Amino acid sequence: MRGHRGRARQAPDAPAAIGQRIELDLERLAHDGRGIGRWQGRIVFVDGGLPGERVQARVLKARSKLIETRLDKLLVASPERQTPRCAHIDLCGGCSLQHMPEATQLQVKQQALVQQLQHFAGLEPERWMPALVGPTYGYRQRTRLAMRWDKRLGLLEVGYRQRSSSDLVEVQECPVLVPALEALVQDLVPLLKSLDGRAGLGHVELIGDEAPVLLVRHMQELSEADLQALKDLADQHGASCWLQPGEPSTLHGPIGSAPGLNQDLPAYHLPDQGLRFEFMPGDFIQVNARINQMMVNQALEWLAIQPGEQVLDLFCGVGNFALPLAHAGAQVTAVEGSVEMVQRAQKNAQNNQLESLHFSSADLSKLQDANWLTQPCDAALLDPPRDGAEQLVQQLADKAVGRILYVSCNPATLARDAGLLAARGYRLVQAGIMDMFPQTAHVEAMALFVAGNKVKPV
């Protein structure tokens, strides 16, 4: 009787139980790369599944018509399935598409952009452009390791967040990191566990490639021995170690430099333009150097800047697009919310001997007093955060800016803003994805909008 009760048949409309294991065949992929199938009439999303596979999946969330699961056991594998290179794939919440061929990953991302543009804006570009692609491993030049102190056991955990959990995966490798950072991780984790002040550590960021930066966030003072150990490790790897004992304004370093000087700022390069960009470890920079260079080149090609044209660069950061635009002959007005990043962008322009730039600091979500919006403008480039630039694109349309290049890290908000521009008479001339984050479902895209009465420069 006990066996019979264990196999009691569920009513067709009964929700699956959390943790329950179900068997199903997968038919297609979702826009985020999960496999999709059906079980008892309900749609099932399977994290880690591929079309054509039969799987046993464990239920994570269940609603009346939709079930979210994770692959538990592969019963029939797709011939496309790849063996992930990362030993932590089963637990880590990072690179969820390692089981897919590169071409399939690109198809998933392309389809995500297509669906968002069609669903939210009813749009399709006049031309779909080829994806920007680079190395699929060893590309990431920025990462953050979380830390958790177990007071009861007196142990420090160091690693990445687990999938669908706040628990940590302790890592010994991360093959998407550039080799310099992966080597640093392997030596850093045991060192952090040995520090006197390990109970007061917050997180660690690793940034860069040729001369990496190690940024340590800590909530209590570190001993001289701890500081020396961190400096020695950094020196061993040709890196510098910075400290942040509180708010971002407390960031200082590198260890061993004169107090308050911050003389040795890290830097990255755009070799095709011969440009060098200094930044502080807390600043935003692109994580994929190869794709960043390709992205800048594509932006210049799509905008087809003519010497002397007036160009707005919005969300300019430390000048990643502004300096190449000026290098191409544009008169650039560049705007960024962070006063400190604007100062570094100005310094980068000076260091690269570029004079045709004007920088401003402004909250780009509140534009009532935006004097720079009243100036003449032939073209604009936007590189907003994930929530997009809803108000800004409308004001650019009111200003009748001839060409608007939109660099997006979120297809949904790109589609929303594209719809706003289309309603104001702009044509979506061309668009394409940029594979900034291989092995993940994250989608970066670029789209060019031209005012209806304008012709794109040849």
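Cut-offs and rules
Residues numbered from 1 in each chain as written. Predicted model: local features only at pLDDT ≥ 70, side-chain atom pairs only at ≥ 80, totals over all residues. Heavy atoms only, no water. Pairing = 2+ DSSP bridges. Helix = DSSP H or I, 4+ residues; strand = E, 2+ residues; numbered from the N terminus. pLDDT = per-residue confidence, 0-100. Contact = heavy atoms within 4.5 Å. Buried < 20%, exposed > 50% of the residue type's maximum accessible area, 1.4 Å probe, protein only. Disulfide = S-S within 2.5 Å. Expected span 1.5 Å × (residues − 1). Arc of directions from axis to C-beta.

A separate point is the pairing of strand E8 (residues 155-161). As judged from the 5 bridges shared by strand E7 (residues 142-150) and E8, these two strands associate in the antiparallel manner. Bridge pairing in E8 links Met147 to Val158. Direction of pairing for E8 relative to strand E9 (residues 168-170): antiparallel, over a ladder of 3 bridges. When the sheet's bridge partners are listed, Arg161 is paired in E9 with Leu168.

Let us look at unusual backbone geometry. Of the consecutive residues Gly253 and Pro254, the connecting peptide bond is found in the cis state with omega at -5 degrees. Position of Pro254 among the secondary structure elements: in the loop between strand E12 (240-244) and strand E13 (267-270). A positive phi angle, close to 50 degrees, is found at Ala304, a residue other than glycine. Structurally, Ala304 is set in the loop between helix H5 (289-303) and strand E15 (310-314).

What follows is about the confidence of the model for the chain. Low pLDDT means the predicted coordinates in that region are not meant to be read closely. For the chain, mean pLDDT is 91; residues scoring 70 or higher make up 93% of the total. Overall, residues 1-11 carries pLDDT values under 50, and its contacts beyond four positions in sequence, including any with other chains, amount to 6 contacts.

Attention shifts here to the environment of Gly138. The residue Gly138 is located in the loop between strand E6 (127-128) and E7 in this model. Assessed through its relative accessible area of 28%, Gly138 is described here as partly exposed. Placed 44 residues apart in sequence, Gly138 and Glu182 show a C-alpha to C-alpha distance of 8.6 Å. Apart from the residues lying within four places of it in its own chain, the contact partners of Gly138 are Pro175, Val176, Leu177, Val178 and Pro179.

Another point: the state of the cysteines. Within the structure shown, the criterion is met by 0 disulfides. Sulfur of Cys86: no disulfide; nearest cysteine sulfur belongs to Cys174 and is 6.1 Å away.

The terminal C-alpha atoms of helix H7 (residues 339-351) lie 18 Å apart, and with 13 residues this matches the ideal 18 Å at 1.5 Å per residue to within 8%. Along H7, the residues classified as buried are Met341, Val342, Arg344, Ala345, Asn348 and Ala349. For H7, the buried positions fall inside an angular range of 165 degrees around the axis, keeping them on one side. Buried-residue contacts for H7 involve strand E14 (275-278), helix H6 (322-327), strand E16 (331-336) and strand E17 (357-361). Trailing H7 by a residue or two, Gln353 shows a phi angle of about 55 degrees, which is positive.

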